[in-house]
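Residue-level listing of the chains:
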Amino acid sequence: MAIIDQKKFLASIKKGLTLGTKALSLYQLFGFRERPFKEDLIERNSYLFVPPQLFYEHSQSLASWITACHSAGKNGLIIGPPDVGKSTLAKFFVEELVKLAEEIRIKCHYIQLKGLTEASETNQNPEEVVIGSPHSIGLIAELENRNLTETDILLIDDIETGLQKENFIDELLRYMRSKNQTIIGITTPSVPSELIDIFDDVYKIKSIEFDTIVKILKTRILYYKENDDKRNNTSDLTPFTDAAINKIAEYSMGLPGLALDLADSCLRGISNAKEITPESVDLIAEELQYPIAKDIEMGQGIGYFEVEGGEKKRKELNLSLTDSKASILKEILFQSRIHPEKPGITNTKLSKSTRISIQAHTISYHTNILEKCKILEVQEGLREKKRGNFRYFTVKKPIMNAIELKILSQKPPTSSEVIVKR
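Described below are features of the structure shown in this document. (Residues numbered from 1 in each chain as written. Predicted model: local features only at pLDDT ≥ 70, side-chain atom pairs only at ≥ 80, totals over all residues. Heavy atoms only, no water.)

### Side note on the nonpolar core
Rules: Within this scheme, the nonpolar core is defined by two criteria: the residues are buried Ala, Val, Leu, Ile, Met, Phe, Trp, Tyr or Cys, and they are joined through side-chain atoms within 4.5 Å. Relative accessible area decides the class of each residue, using a 1.4 Å probe on protein chains only: under 20% of the type maximum gives buried, over 50% gives exposed, and in between gives partly exposed. Here a residue-residue contact requires only that any non-hydrogen atoms of the pair lie within 4.5 Å.
Residues F240 and I375 are the most contacted members of the largest nonpolar core, which totals 83 residues. Those residues in contact with F240 that sit more than four places away from it in its chain are F37, I221, I245, I248, A263, C266, L267 and I276. Counting 30 residues, the second largest nonpolar core, distinct from the first, contains L113, I159, I169 and L172.

Here you go:
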């Protein structure tokens, strides 16, 4: 064993004692008061929404659409990819409507459906309705316990979570018919058609502009700089360069949540470097599969290799929304939404799904190609009663969001008019 220089060792210990907690916090080392890219910071400080009206302008006045549904006596469904800001918009809408209570006498309430593994029954958020609990009394009873009798508009977030229960759609329909309320559901594009079909109108949100994503990132950095209590009284973006922030925005596909995730990963992934450059963003993004996600979102082919006749040959997958591989991916996304506690979905579960019509013996062929393209992640799991292992399929977050974007129509709404289902 090498001999340790006791003087240097002692100096290191004394240095640590002097630095205290600052030595343990990467964020404080770069001058942040706290972790700047956490998504829940938006709820604690609406200023970090940067600013909400930009989102309303992009989505062609979502507020007008919600109130139009109410005045027409219709129920609507908001569909958008994860991380685009649907929940934040919905909460902001409710908060702003409360401020206008004297002028506009419309009472609005926001709730979020949760599975048992997502929410604690003992320490439950007032906005949460736990639908997957063995002690759940059903959707209608749960909502009636919320004292929503005077509610005019009820926003139900993550409404697809209710599909954990077989009779959820029937219950929701009964509630819609029995209450004089406008129900606005909020969900993702991978939701099955049987849920979409019970709503009168659909409003689609695809993504937001590049410049707005950049502004979100810069606002977070500047606002959470140490001693920056007056908002934006500094232009110090350390350790990020302007080019790095632009690179993060490019990878985000117009989804604020993805931009925050990647920026946070870059900050945590920094080692001895003094700044985060576009090159360091590329390295982190590569690890998290952002380039593959970007290729999917842009409709570009994804390369992979197969051995044919003893030779390794490069091939390319062009993921069409109408092919079997896309159907498999959509089912995996849906299952991950309503059963987030599962390690993934197996070939057996895929073959039994009524939402895809693919013969069981061909599913492995498609999943093998998706695995070679690094679209699917595979985790081995032991069978309980049979020999061998299960193969659980999952999809990483950036790729998941890219597929959700592809499921949406290629063009976002061009007006604030309701998109009528065909």
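### Observations regarding the packing of helix α11 (residues 242-251) against helix α13 (residues 278-287)
Defined as follows: A fitted line through C-alpha atoms serves as each axis, taken over the contacting stretch for helices, and the angle formed by two N-to-C directions is quoted from 0 to 180°. Runs of H or I in DSSP of at least four residues are treated as helices and runs of E of at least two as strands, each being numbered from the N terminus. Convention used here: angles under 35 degrees read as roughly parallel, angles over 145 as roughly antiparallel, angles from 65 to 115 as roughly perpendicular, and any remaining angle as oblique. Each crossing gets its handedness from the near helix: less than a right angle anticlockwise from the far helix is left-handed, clockwise is right-handed. Here the term charged refers only to Asp, Glu, Lys and Arg, the term nonpolar to Ala, Val, Leu, Ile, Met, Phe, Trp, Tyr, Cys and Pro, and the term polar to all other amino acids, Gly among them.
Interaxial distance between α11 and α13 falls to 8 Å at its minimum, and their mutual angle equals 30°. With respect to α13, the axis of α11 lies roughly parallel. As α11 packs across α13, the resulting crossing turns out to be right-handed. Contacts between α11 and α13 pair A243, A244, K247, I248 and Y251 from the former with P278, V281, D282 and A285 from the latter. Partitioning the contact of α11 with α13 into residue classes produces seven nonpolar, no polar and two charged.

### Observations concerning the packing of aromatic side chains
The following threshold applies: Stacked, tilted and edge-to-face pairs are distinguished by plane angle, under 30 degrees for stacked and over 60 for edge-to-face with tilted covering the rest, among Phe, Tyr and Trp rings (Trp via its six-membered ring) whose centres lie within 6.5 Å. Think of it as a cone above the ring: NZ of Lys or CZ of Arg counts as a charge over the ring if it is within 6 Å of the ring centre and within 35 degrees of the ring normal.
Applying the stated rule across the entire model yields four aromatic pairs. Relative to Y224, the ring of Y223 has its centre 5.1 Å away and its plane inclined at 75°; by these criteria the two rings are edge-to-face. As far as the burial class goes, Y223 and Y224 line up, both buried. An angle of 70° between the planes, with centres 6.2 Å apart, marks the rings of Y251 and Y290 as edge-to-face. Within this pair, whereas Y251 is found in helix α11, its partner Y290 is found in helix α14 (residues 290-298), the two being separated by 39 residues in sequence. We note that Y251, like Y290, is buried. K225 extends its terminal NZ or CZ atom over the ring of F32, reaching a point 4.5 Å from the ring centre.

### Points about the packing of helix α12 (residues 256-269) against α13
The N-to-C vectors of α12 and α13 enclose an angle of 110°; their axes lie 10 Å apart at closest approach. Regarding the angle of α12 to α13, the classification is roughly perpendicular. Of the residues in α13, those in contact with L262, S265, C266 and G269 of α12 are V281, I284 and A285. Here the contact of α12 with α13 is composed, by residue class, of five nonpolar, two polar and no charged.

### Focus: the pairing of strand β5 (residues 182-187)
Note the following rule: Between any two strands, pairing holds if DSSP finds at least two bridges. Classification remark: right-handed applies to a crossover when, strands pointing away from the viewer, the course from the first strand over the helix to the second runs clockwise.
Extensive coverage of β5 is indicated by the burial of six of its six residues. Burial along β5 is two-sided: T182, I184 and I186 and I183, G185 and T187, pointing in opposite directions, are all buried. In this structure, strand β1 (residues 76-79) lies alongside β5, joined through four bridges in parallel fashion. Opposite L77, over in β5, you have G185 as the bridge partner. Both strand β4 (residues 153-157) and β5 contribute to a ladder of four bridges, which runs parallel. In the strand pairing of β5, L155 is matched with I184. Once you follow β4 into helix α8 (residues 168-178) and on to β5, the crossover reads as right-handed.

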